[in-house]
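Structural features, examined
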Number of protein chains: 2
Amino acid sequence: MSTVRVGIAGYGTVGRATAQILAAQPERIAARCGARLEVTAVCRRTPVAAGKAPVGARVYRDWRELVASPDVDIVVETIGGTDAARAVVRAALTAGKPVVTANKNLLAAHGEELLELAAAQRLPLGYEAAVAGGIPVIRALAESSAGDRLHAVYGILNGTANYILSRMESDGVEFPFALAEAQRRGYAEADPTWDVDGLDARDKLAILARLAFGGRVDPARIGVMGIRNVTAMDMVYARRLEASIRLVASAQLGESGVAISVRPWLVPRRSLLAQVEGVNNAVFLEGERLGTQMFYGRGAGGDPTAVAVLSDLMEIAADLAGGKLAAKAAAGFRETTDLAISAEPPPVPWYLRLVIRDRPGVLARLAAGLAAHGINIDFVLQEPGMPKERLPFVITVEPVSEPLMLRAAAALDAAGDLLEPVLLLRMMPA
Amino acid sequence: MSTVRVGIAGYGTVGRATAQILAAQPERIAARCGARLEVTAVCRRTPVAAGKAPVGARVYRDWRELVASPDVDIVVETIGGTDAARAVVRAALTAGKPVVTANKNLLAAHGEELLELAAAQRLPLGYEAAVAGGIPVIRALAESSAGDRLHAVYGILNGTANYILSRMESDGVEFPFALAEAQRRGYAEADPTWDVDGLDARDKLAILARLAFGGRVDPARIGVMGIRNVTAMDMVYARRLEASIRLVASAQLGESGVAISVRPWLVPRRSLLAQVEGVNNAVFLEGERLGTQMFYGRGAGGDPTAVAVLSDLMEIAADLAGGKLAAKAAAGFRETTDLAISAEPPPVPWYLRLVIRDRPGVLARLAAGLAAHGINIDFVLQEPGMPKERLPFVITVEPVSEPLMLRAAAALDAAGDLLEPVLLLRMMPA
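Since the model is a prediction, treat every value here as computed from it, not as a measurement.

Conventions adopted
- Residues numbered from 1 in each chain as written.
- Chains lettered and ligands numbered in written order.
- Predicted model: local features only at pLDDT ≥ 70, side-chain atom pairs only at ≥ 80, totals over all residues.
- Contact = placed C-beta atoms within 7 Å.
- Helix = DSSP H or I, 4+ residues; strand = E, 2+ residues; numbered from the N terminus.
- Nonpolar A, V, L, I, M, F, W, Y, C, P; charged D, E, K, R; others polar.
- Pairing = 2+ DSSP bridges.
- Axes fitted to C-alpha atoms, helices over the stretch in contact; angles between N-to-C directions.
- Parallel < 35°, antiparallel > 145°, perpendicular 65-115°, else oblique.
- Left-handed = near helix turned anticlockwise from the far one by under 90°.
- Buried ≥ 20, exposed ≤ 12 C-beta atoms within 10 Å, placed from the backbone.
- Least-squares fit on C-alpha atoms with pLDDT ≥ 70 in both.

**Section: the interface of chain B and chain A**
- Taken together, the 42 residues of chain B in the interface contact 42 residues of chain A.
- Elements supplying a minimum of two residues to the side of chain B that touches chain A: α2 (26-33), α6 (137-144), β12 (291-298) and α12 (302-321) of chain B.
- Looking at the side of chain B that touches chain A, its residues break down into 19 nonpolar, 13 polar and 10 charged.
- Summarising the sheet, strand β12 (residues 291-298) of chain A and β12(B) pair through three bridges and their orientation is antiparallel. Opposite A:Tyr296, over in β12(B), you have B:Met294 as the bridge partner.

**Description of the packing of helix α5 (residues 104-120) of chain A against helix α10 (residues 199-213) of chain A**
All names here are of chain A.
- Contact geometry of α5 with α10 gives a least axis separation of 9 Å together with a crossing angle of 55°. Considering their axes alone, α5 and α10 lie oblique with respect to each other. Judged by the sense of rotation from one axis to the other, the crossing of α5 with α10 is left-handed. Residues Lys104, Asn105, Leu107, Ala108 and Gly111 of α5 form the contact with α10, whose participating residues are Asp203, Lys204, Ala206 and Ile207.

**A word on the pairing of strand β9 (residues 243-254) of chain B**
All names here are of chain B.
- Of all 12 residues in β9, 11 are buried, a share of seventy percent or more.
- In this structure, strand β7 (residues 150-156) lies alongside β9, joined through four bridges in antiparallel fashion. Counted as the bridge partner of Gly155 is Ala249 from β9.
- The sheet contact formed by β9 and strand β10 (residues 257-268) spans 12 bridges and is antiparallel. Across the sheet, the residue bridging to Ala251 is Ile260, located in β10.
- The hairpin turn running from β9 into β10, its antiparallel successor, is two residues long.

**A look at the relation of the copies chain B and chain A**
- Of the transformation placing chain B onto chain A, the axial shift is 0.0 Å and the rotation is 180°, giving an RMSD of 0.1 Å. Such a combination of rotation and displacement between the chain copies is what one expects of a two-fold axis.
- A share of 98% of interface residues in chain B that are also interface residues in chain A marks the association as one of identical surfaces.

**Quick notes on the packing of helix α1 (residues 13-24) of chain A against helix α12 (residues 302-321) of chain A**
All names here are of chain A.
- With their axes 8 Å apart at the nearest point, α1 and α12 run at an angle of 65° to one another. Regarding α1 and α12, the two cross each other, and that crossing is right-handed. Facing α1, whose interface residues are Thr13, Val14, Arg16, Ala17, Thr18 and Ile21, α12 presents Gly302, Asp303, Thr305, Ala306, Val309 and Leu310.
- Residue composition of the contact of α1 with α12, grouped by class: six nonpolar, four polar and two charged.

**Overview of the sheet that holds strand β2 (residues 36-43) of chain A**
Residue and element names in this part refer to chain A.
- The six strands lie next to each other as β3-β2-β1-β4-β5-β6, forming an open sheet whose pairing is parallel. Lying at the two open borders of the sheet, with one neighbouring strand each, are β3 (58-60) and β6 (125-126).
- Strand direction decides the pairing type here: strand β1 (residues 3-9) and strand β4 (residues 74-77), joined by four bridges, are parallel. By the bridge assignment for β4, Ala9 is matched with Glu77.
- The sheet strands contacting α1 are β1, β2 and β4, and the helix crosses β2 at an angle near 150°.

**Regarding the pairing of β2(A)**
Residue and element names in this part refer to chain A.
- Judged by how many residues are buried, β2 sits mostly within the fold: six of eight residues are covered.
- Where β2 lies against β3, three bridges are found, and the strand directions are parallel. Looking at the pairing, Ala41 lines up with Arg58 of β3.

Below, the structure is given as structure tokens:
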């Protein structure tokens, strides 16, 4: 049986977990892919503590040495970021070595260039680990559903935000408290912007939308709203509406293009989305023939992500051993056209949470403000016993498209009656 | 671009849907797999109506002619059953042609022999469509989770049974009514045994357990109970327990072997299993490193199953076009050892629904009967206003292993106080 030698560039959580799995069950993995996988080199800018590197592996400080090493057959990129990571992947492919990466930012920003290079070199570039951790959604899009025409891909793509919303729902705590708890448990970074403001989900959505619809999506064109303004009071109102709040990344193909955004949604309690709790992720696909599919699991963390890295590594190792290496299908990354982003996405109902000083005429003015945009109020919901000086209440409105809703909300914010900006939740029908 | 020529043996629902997709979007499929896919031959024992065969395809009555035809590169087997289907697959592989099959019965009964032949011939035998229709659970097990050690695979594998249970739950109807409705809608066959008695789910579970745990599982060794004895009254009790009833196929690795069965379960309303409604399927995997994953979608029907057939066809066509055809990984089907089936699976709580003629001393005798087996009652539940002459009520018991529970239930049935056999539901913890 041949041996395939792996170099791991970026020896952090995911890189170490990958090496650990390879060391823990070499026989099992060899039996599955027909080749032995051996980590022969790792690299990291900071020193690796004694005993922490894989047995027998050399430890480099400079990734160039790892990529150039004659005893590295496949390069695993787990450095993160887009600068060094891009250079590593380019150098490895140029040197004729297949690459596996877990780097969503790299794919979202430079996926096209890198997959084009891989195709030119006739080499596989595996990125199952880049989106939704251990959930095999790249294979689902690139292989399993390839015979269908998809019209929607959406889901919960950020475990940190979902953990925070789950805590707020189950324990009645406010956002800052739940965030601090997430940070204490290592689910959120010291600077949580990327996770709680929806940017991480946006980058993942850009990758999924490319694969689903076969065209380029610049992440900067995706409308994003995070969860910082969701309050414990919203959880109370959500419960009264028999619903939960989830941060949903969604891309939906319509006649005028793709409606694409990352936003908090109000989802019915008895829906699959509402059952996704804690740090879990879920991806939904809707196809002409497949109907609705859902893929659920842990979307981050060293171990699940490493299993996804392994799935690519084992596939490439089997091909290397069988002498049949080839570029992988990369639908959407070989396209030269941008996906049309819909300027007028389909109307949906919305939840508006407003905080006012309750004075005669306020509600009438707010209602008139919505009416001026042609928006019909569905109903008004107010918890009893709220202070009149700072009264949070909820208006739900009949279906209206997102751009119009955003304009109307901006007008309400500007009119001077609100003590806080409107919180807008997209409502998913029961 | 090269053309890969497909012969479809068995031109029924799935075979026709496969041909239709290939005819409807040839460019898209060619772009995805780097080869044109063309149906050049179909065969069916009964005549194919004019205009119903793919354009340009020859129609055979005898599958031998289709398999032997020099312009068939890949054979799709959608005949069903195990006799002719087995002969078709053997003949095609022997003739050096890759095969794609949607046939769970064939895989469960002869998978080992056929995958061994495929390996010897160095040919792929794709069977993504054989389990759970369009849900890519074979890829999830064989590729995506290959780097992890799984300890459980379970789920809802029969859409007909799930449709019936969903109807009974939502509309309060009895089993025969829901079954007739399923038959009217084409979800259930005239003889529904295979679906409602759990045999279909059992065959699929045997395939999944082989892939998950890497050993042979004879379907005949899997304990099976279907849903015929579930009544509208059970749905009432389930609601009071904030639960739903689902037919669950489950294999769980323990110290003494694999605990494996197909049984109705009582699952909490707020669980992913309870959200699986109608004809949908869901498969859960639990792994050491992946944690819990779930794959959800339509588990049967021509279109979703055809998309799964296509996923295998496109992968094989890409390999054929690239000159790198090889046997696919088939973990669990190359093993020569049987999986150890656990004689004493881990204890779980149970729901017992009993129908008695309510006379003094009956409950005491039933309780004593359970106590004689060392089984502790958790609580007793009785709807008000039931007739004393035919009183259905529920006992839930503290965790006890399945064999012991079955013995105790058999003893209750034999004791003479029950008007119907005990209905046993395994309770899933909230």
